[in-house]
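# Observations on the model geometry
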Amino acid sequence: VELVESGGGLVQAGGSLRLSCLLSEFPLGDYGIGWFRQAPGKEREGVSCMAPSNGITYYRGSVQGRFTMTSDSAKNMVYLQMNNLKPEDTGVYTCAADFGNLAQVGKPLAERYLQYGMDFWGKGTPVTVSS
């Protein structure tokens, strides 16, 4: 499984960025896909996750209403649209995947993913939000 992120950069507070993640050797369906971030000097935290087959997406509270995670099964891509960015959103954003059946298990598995992470990881793309 290979995950490659792109789309990070420098943006002013209030601005937007769209992150992309290309997955190889991993079918987009019932399995979990997620976005995580790590700010300088802080631990990694889960941002969002979804099972592309049902489109149900889970977000951490601080990004709810500002970030939107989507997928494109034809391209084997997932995206994270980030609007109204804040300086505290700064960090390295990493795409991740796991063979857990998120579509069936739902929220309990999503919460575990967001707290503990997933099995497969990309290398990340940096996002810097200036005030």
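Residues numbered from 1 in each chain as written. Predicted model: local features only at pLDDT ≥ 70, side-chain atom pairs only at ≥ 80, totals over all residues. Heavy atoms only, no water.

## Considering the overall build of the protein chain
Counting its regular elements, the protein chain contains 2 helices and 11 strands. Secondary structure of the protein chain in N-to-C order comes out as β-β-β-β-β-β-β-β-β-α-α-β-β. Here the protein chain has a C-alpha radius of gyration of 13 Å; the compact-globule value for 131 residues is 14 Å, and the two agree. Taken along its principal axes, the extent of the C-alpha atoms in the protein chain is 40 × 30 × 25 Å. Looking at the protein chain as a whole, 46% of its 131 residues are labelled buried. Contacts spanning at least 24 positions in sequence make up 63% of the contacts within the protein chain whose residues lie at least 6 apart. Distance between charge centres in the protein chain, computed from 11 positive and 12 negative side chains, equals 7 Å. (Helix = DSSP H or I, 4+ residues; strand = E, 2+ residues; numbered from the N terminus. Rg over C-alpha atoms; globule rule 2.2 N^0.38 Å. Buried < 20%, exposed > 50% of the residue type's maximum accessible area, 1.4 Å probe, protein only. Contact = heavy atoms within 4.5 Å. Lys, Arg positive; Asp, Glu negative; His and termini not counted. Charge placed at Lys NZ, Arg CZ, Asp CG, Glu CD.)

## Quick look at the pattern of salt bridges
Applying the stated rule across the entire model yields 4 salt bridges. For Glu45, the salt bridge goes to Arg37, with nearest N and O atoms at 2.6 Å. By relative accessible area, which is 5% here, Arg37 ends up buried. With its nearest N and O atoms 3.4 Å apart, the salt bridge here joins Glu45 to Arg60. Of the two residues, Glu45 is situated in strand β5 (residues 45-50) and Arg60 in the loop between β6 (57-59) and β7 (67-72); the sequence distance between them amounts to 15 residues. (Salt bridge = Lys/Arg side-chain N within 4 Å of Asp/Glu carboxyl O.)

## Here's the deal with the environment of Phe67
Structurally, Phe67 is set in strand β7. Excluding its chain neighbours within four sequence positions, the residues that come into contact with Phe67 are Arg37, Val47, Tyr59, Leu80, Gln81, Met82, Asn83, Leu85, Asp89 and Tyr93.

## Let's talk about the environment of Ala74
Topologically, Ala74 is positioned in the loop between β7 and β8 (77-82). For Ala74, a relative accessible area of 79% corresponds to the exposed category. Along the sequence, Ala74 and Arg44 sit 30 residues apart, while their C-alpha atoms lie 30 Å from each other.

## A closer look at unusual backbone geometry
Glycine aside, negative phi is the norm for most residues, and most peptide bonds take the trans geometry. Even without glycine at this site, Glu25 takes up a positive phi of about 60°. Residue position: Glu25 is located in the loop between β3 (17-24) and β4 (31-38). Phi angles above zero are rare outside glycine, and Asn76 is one such case at about 55°. Relative to the helices and strands, Asn76 is located in the loop between β7 and β8.

## A short note on the sheet that holds β7
Spatial strand order, β1-β3-β8-β7: 4 strands in an open sheet with antiparallel pairing. Of all the strands in the sheet, just β1 (2-6) and β7 have a single pairing partner and so form its edges. Taking the axes of each pair of neighbouring strands and ignoring which way they run, one obtains an average angle of 15° across the sheet. (Pairing = 2+ DSSP bridges. Axes fitted to C-alpha atoms, helices over the stretch in contact; angles between N-to-C directions.)

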